[in-house]
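# Observations on the model geometry
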Amino acid sequence: MRPKLQLLDKPLVERILIEAFELIHDPGVRVAPYVVELLRAAGISVQDGVARIPEAVARRALQSVPREFYLYDRNGVAAVRYGRDAVHFDPGSSCLNILDPETQKARPAESGDLVRLVEVAEMLPQYAAQSTAMVCNDVPAEIGDWYRLLLVLWHSKKPVVTGAFSASSLHVLLELLAIESGGGDALRQHPRAIFDVCPSPPLNWSEFASQNLVDLARAGVPAEIVSMPLAGATAPVTLSGSVVQHAAECISGITIHQLAKAGAPIVWGAAPAIFDMRSGKTPMGAIETAMLDVACAEVGKYLGLPTHAYMVAGDGRVIDAQVEMESGMSAVLGALAGINMISGAGMLDFLACHSIEKLVIDAEAIASAQRLIEGIEPRTETLATAMFGQTGLSGEFLKLKETRDLFRKEQHFPSAVVDRGLAGSDGAPDILHRARARVEELLAAYERPALAANREAEIIAFAQREGAKAGLMNLPAISPTESSALAS
Amino acid sequence: MPENSYSAMRQSIVDGAPDTASDLARQALAAGVAPLEAINEGYVPGMHDVGEQFARGQMFLPDMMASAEAMRAAMTVLEPELKRLGGERPSAGTVVLGTTKGDIHEIGKTLVGTLLTAHGFSVHDLGVDVSGEKFAAKASEVKADIVGVSALLTTTMRNQKGVIESLERAGLRAQVKVMVGGAPVSRKWAEEIGADGYAKDAMSAVALARELMEAKTRTANNAALESA
């Protein structure tokens, strides 16, 4: 039996949806000029930038969303399944700071930091996908979004959760992905990336977000709505009220998206949080934030849609018991909720900071969560009596063939990041030292999965051309020999 | 004996396959291979591999138990022939093993015994809840090289010191090395009570026992040189 967590009963989910459909009609949803004609053509009234979406139109849009789709790795292998109760994890994204590996103090992230994180995530099976995890401060801001995607594609084969920073740059990112995939058709058939698109709470699809929804739908590249109600600040203080707002933002976004291209893949995603009434912060590690994530996903599942949430992040500023307690708990809750993509691992300090050491610790929490949802299986014909038939009361189960045959299925073996007593009673080094050692071990074993030389040359030529527009003279974190040899 | 037969023996230990290990032993004897050669060239290297793989985290306790069982199966075939030829497998050392008084936890101590046996030690397992006097009496009786004392509880851990005192009272301490282990036991504790070594797990206990035997041999040699 697959264990499941459920926070909402059916009557409550239906009430949430009834109110969400009411909200998208009254007061309606703020939309950008880019989509006004599209909406009006579908019979939606738009006045003063506010669209009033009838329930029937929204329900038709919800019906045309694919219930399931895949992201593919570079070799065209389906690596992430969006749909039903599949559970995957990826590192958190778009962070500004990195917890310096040496000093363990936050500093602005650079391209070398992103590459290290990508290399480590590439080696950890717990992460089914990469993310464009950091904004690289050594790269001009106006090209920050495609450059970080370039670094991920250059150093990884896994699918990527990414996003554009503006309406116009989306096309640059899509061009880069198409080159890497071998053309626009190849990208549509085997999409390697999914793009987060965020409405502004409450109920506002900005120019940038509206345009991204439409353009992604038309490009046939999956979109992931990341709706972020802040309970008590930009959303109702009640958890159930915030879930209503989340549903309304997702339904309105899906309506825009499906009107642009019915049947295009899109995900019911969330990064909600409570608003802390003492500090004014948005604690990602709060249990109520995790409850919002789970409840939002439940509503999406009720509609039969693929789901996403932002979890496995902690709020302390250093790797400590608080951060790991918060991250571990939400990893377990997200897995039990059957959320298809759970983003956020590696992040701390209210999503302001990434840590590669935390990423390897979180991988252990994720592995435990993954084991948990495998559940308890009856693996032998009799559960225990036949084994007792062999041992009697001697207690010598360690010698049984069943023990040897089944212990690997029953028990997950964590890496040395988790102290399981292998270092003896004299003790293992502390968690930070163990995590650092694990990072070094993974980096030492990592090898860059190179693309075919002609494809790499195309990517480099693209990067040099686009980079030059922003005054970028070299390609940070891509070695000069690689870039000059390939471009010549 | 062809090389590939030795490697098959070695592999039978790594695989933890008692039937294969004993079949290969019988075939070796039928082919006229000296039992000691089969042990030293075939099976012992297998146990060595097992130890290494365990240390690297590639093998687990049930695998080691199966390997030890395969070793026992091979030895059951080879030892009678060895004796018939008037020889015996040179013992790696004689160990008296037990869980300390007041403590009935057995698994760790039994694992150590199984692995020590598989690595060629003669092991006398006194079981659980063993008093210092019993350890001393057995050590004297079998002329033990090493006494191994296990404890799982912080309360019974103190009795490890009592075993050392019993060995001292019996006048055996100079000849017997003492190794201690168990969940609450640490290197510091071992030093504090005057034990000769601490092992964090069963494989480390084998390595420690070997080290203690080397140290013992060195001391004996030095003593012999000094008296000469």
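Everything below is about the structure printed above this text.
Quick look at the structure, then. For clarity, every value in this text was computed on a predicted model and none was experimentally measured. (Residues numbered from 1 in each chain as written. Chains lettered and ligands numbered in written order. Predicted model: local features only at pLDDT ≥ 70, side-chain atom pairs only at ≥ 80, totals over all residues.)

### A word on the sheet that holds strand S2 (residues 122-125) of chain B
All names here are of chain B. How we decide: Two strands are counted as paired when DSSP detects at least two bridges linking them. By the criteria applied, helices consist of DSSP H or I runs no shorter than four residues and strands consist of E runs no shorter than two, each listed in order from the N terminus.
With respect to topology, five strands assemble into an open sheet ordered S2-S1-S3-S4-S5, the strand pairing being parallel. One side of each edge strand has no neighbouring strand; the edge strands of this open sheet are S2 and strand S5 (197-198). Here strand S1 (residues 94-99) pairs with strand S3 (residues 146-150) via five bridges, running parallel. Within S3, the residue paired with valine 96 across the bridge is valine 147.

### A closer look at the pairing of S1(B)
All names here are of chain B. We apply this condition: Whether a residue is buried, exposed or partly exposed is read from the other C-beta atoms within 10 Å of its own C-beta, which are placed from the backbone; 20 or more gives buried, 12 or fewer gives exposed, and intermediate counts give partly exposed. Looking down the strands as they point away from the viewer, one classifies a crossover as right-handed if the path from the first strand across the helix to the second runs clockwise.
Of all six residues that make up S1, five are buried, and the element is covered over most of its length. As judged from the four bridges shared by S1 and S2, these two strands associate in the parallel manner. Bridging across to S2, valine 96 finds its partner in histidine 124. Once the chain exits S1 it traverses helix H5 (residues 107-118) before rejoining the sheet at S2, and the crossover so formed is right-handed.

### Examining unusual backbone geometry
Residue and element names in this part refer to chain A. Here the residue pair aspartate 26 and proline 27 is connected by a cis peptide bond, since its omega of 15 degrees sits within 30 degrees of zero. Proline 202 follows proline 201 through a cis peptide bond whose omega is -5 degrees. Its location among the elements puts proline 202 in the loop between strand S11 (193-197) and helix H8 (207-219). One non-glycine residue, aspartate 48, adopts positive backbone phi at about 55 degrees. Mapped onto the elements of the fold, aspartate 48 is located in the loop between strand S2 (45-47) and strand S3 (50-52).

### Considering the interface of chain A and chain B
This is how it is decided: Each residue is represented by a C-beta atom placed from its backbone, and any two residues with such atoms within 7 Å are regarded as in contact. Three classes are used, and their members are as follows: Ala, Val, Leu, Ile, Met, Phe, Trp, Tyr, Cys and Pro are nonpolar, Asp, Glu, Lys and Arg are charged, and the others, Gly among them, are polar.
Opposite the nine residues of chain A that make contact, chain B presents 16 residues. Grouping the constituent residues of the side of chain A that touches chain B by class yields three nonpolar, three polar and three charged.

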